[in-house]
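Secondary and tertiary structure notes
Letter by letter, the chains look like this.
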Amino acid sequence: SVYTSRSPGMRSRTVGLLALSVLCLLWVNTRVMLPASASPSGSAQLREPPPLDGELEPALARAAPGGPGGLVVLTFGDKGYFAALSNFVAHARAAGVPYLVGAVDADAFRELTLHGATAYLTPLARDAAYAFNPSNSHDSNSWVRFARMRTGEVARIVRLGYAVMHSDTDVAWLRD
């Protein structure tokens, strides 16, 4: 799904092409992580990206250096999904798509940023009492909190002026 604060017709073609480019490259069980020095587009960066401290704004500035108005492909995960998150990051980078990972725990944030991925700590990662249990059903407290957090984070990023395409890491997009 693509969410934007702009009119519905704007960017639809760009979003479709970006979705096709990045997500048709996502192959299940690929565990490739690009070197931390690689830029998302594969070319040298002209300026140093802002440091990642777990906050959303510096991560957005790194993901979409053009600032508000840009597209960000957003996904979420915790340490249990690190292989899938790594796969998502590697393929988004290879396609040159601006991506952002919302880390649901501090371990995922630490591992992602050690590998040079653009990530931030979600509100759930800052809640010491929260523990995501992927075996929980969709009506469990853990899952409901996770789902609400994702929706809230998409809305927060849209309010900051970005277009957001949210996708789970276990989705393969084959065409627009």
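Within any chain, residue numbers begin from 1 and follow the written order of that chain's sequence. At least 70 in pLDDT is required for a residue's local features to be given in this predicted model, at least 80 for side-chain atom pairs to be given and counted, and no such filter applies to totals for whole chains, interfaces and linings, which use all residues. For side-chain calculations, the full set of non-hydrogen atoms in the structure is used, while hydrogens and water are omitted.

Quick notes on the overall build of the protein
Rules: The helix and strand labels rest on DSSP assignments: H or I over at least four residues marks a helix, E over at least two residues marks a strand, and numbering proceeds from the N terminus. Each residue is assigned to one of three classes by its accessible area relative to the maximum for its type, calculated with a 1.4 Å probe on protein chains only: buried under 20%, partly exposed between the two thresholds, exposed over 50%. Every residue pair with non-hydrogen atoms within 4.5 Å of one another is taken to be in contact. Surface accessibility follows the Shrake-Rupley procedure with a 1.4 Å probe radius. Residue values consider only the protein chains on display as shielding.
If you tally the helices and strands in the protein, you get 5 helices and 5 strands. From first element to last, N terminus to C terminus, the protein shows the α and β order β-α-α-β-α-β-α-β-α-β. Counting all 176 residues of the protein, 43% fall into the buried class. The long-range fraction of contacts in the protein, counting pairs at least 24 apart against all pairs at least 6 apart in sequence, stands at 70%. Of the roughly 9,200 Å² of accessible surface on the protein, 55% is carried by carbon and sulfur atoms.

So, the nonpolar core
Threshold: Here, nonpolar core refers to any group of buried Ala, Val, Leu, Ile, Met, Phe, Trp, Tyr and Cys residues whose side-chain atoms link them within 4.5 Å.
Residues Leu-74, Leu-100, Tyr-120, Phe-146 and Ile-157 are the most contacted members of the largest nonpolar core, which totals 22 residues. Among the elements of the structure, α2 (56–63), β2 (71–77) and α5 (141–159) are those that each provide at least two residues to this core. With 6 residues, the top contributor of residues to this core is α5. Counting residues in each nonpolar core, the second largest holds 19 residues, with Val-89, Tyr-99, Val-101 and Ala-103 among its members.

Some words on the confidence of the model for the protein
As a reminder, the rule being used: Summary of the metric used: pLDDT quantifies the predictor's per-residue confidence within the range 0 to 100.
Residues of the protein with pLDDT of at least 70 account for 67%, and the chain-wide mean is 77. Of the regions scoring below 50 in pLDDT, residues 7–46 engages in 72 contacts with residues more than four places distant in sequence or in other chains.

Examining the pattern of salt bridges
Selection criterion: The working definition used for a salt bridge is a side-chain nitrogen of Lys or Arg within 4 Å of a carboxyl oxygen of Asp or Glu.
Applying the stated rule across the entire model yields 6 salt bridges. Residue Asp-127 is joined to Arg-145 by a salt bridge in which the shortest nitrogen-to-oxygen separation is 2.5 Å. One end of the pair, Asp-127, is in the loop between β4 (119–121) and α5; the other, Arg-145, is in helix α5, with 18 residues separating them in the sequence. Among the residues examined, Arg-145 registers a relative accessible area of 28% and is labelled partly exposed. Through salt bridges with shared partners, one network takes in Lys-79, Asp-107 and Arg-110.

Side note on the environment of Ala-128
Tracing the backbone shows Ala-128 in the loop between β4 and α5. Classification of Ala-128 as exposed rests on a relative accessible area of 84%. Distance from Ala-128 to Asp-105, taken between C-alpha atoms, is 9.2 Å for residues 23 residues apart in sequence.

Comments concerning helix α4 (residues 106–114)
Quick reminder of the rule: Throughout, the arc means the angular range of directions from the helix axis out to the C-beta atoms.
Taken as a whole, α4 has its buried residues at Ala-108, Phe-109 and Leu-112. Buried residues of α4, seen end-on, are gathered within an arc of 100° and therefore sit on one face of the element. Looking at the buried side of α4, the elements it contacts are β2, α3 (82–94), β3 (99–103) and β4. Where α4 ends, the next residue or the one after it, Gly-116, has phi of about 80°, a positive value.

Focus on the side chain of Thr-75
Counting through the fold element by element, Thr-75 comes out in strand β2. Leaving out residues up to four positions away in the same chain, Thr-75 has contacts with Leu-85, Phe-88, Leu-100, Val-101, Gly-102, Ser-167, Asp-168 and Thr-169.

Some points on the pairing of strand β5 (residues 163–166)
For clarity, the cut-off: Note: two strands are recorded as paired if DSSP finds a minimum of 2 bridges between them.
By the alternation rule, side chains of β5 split into Ala-163 and Met-165 and Val-164 and His-166, which are all buried. One ladder, built from 4 bridges, connects β2 with β5; its direction is parallel. Each residue of the ladder has a partner; that of Val-73, found in β5, is Met-165.

Some thoughts on the environment of Ala-59
Summarising the element assignment, Ala-59 is placed in helix α2. Each C-alpha atom of the pair Ala-59 and Ala-117 lies 9.6 Å from the other, and the pair is 58 residues apart in sequence. If we skip the residues at most four places from it in the chain, Ala-59 touches Leu-52, Leu-100, Thr-118, Ala-119 and Tyr-120.

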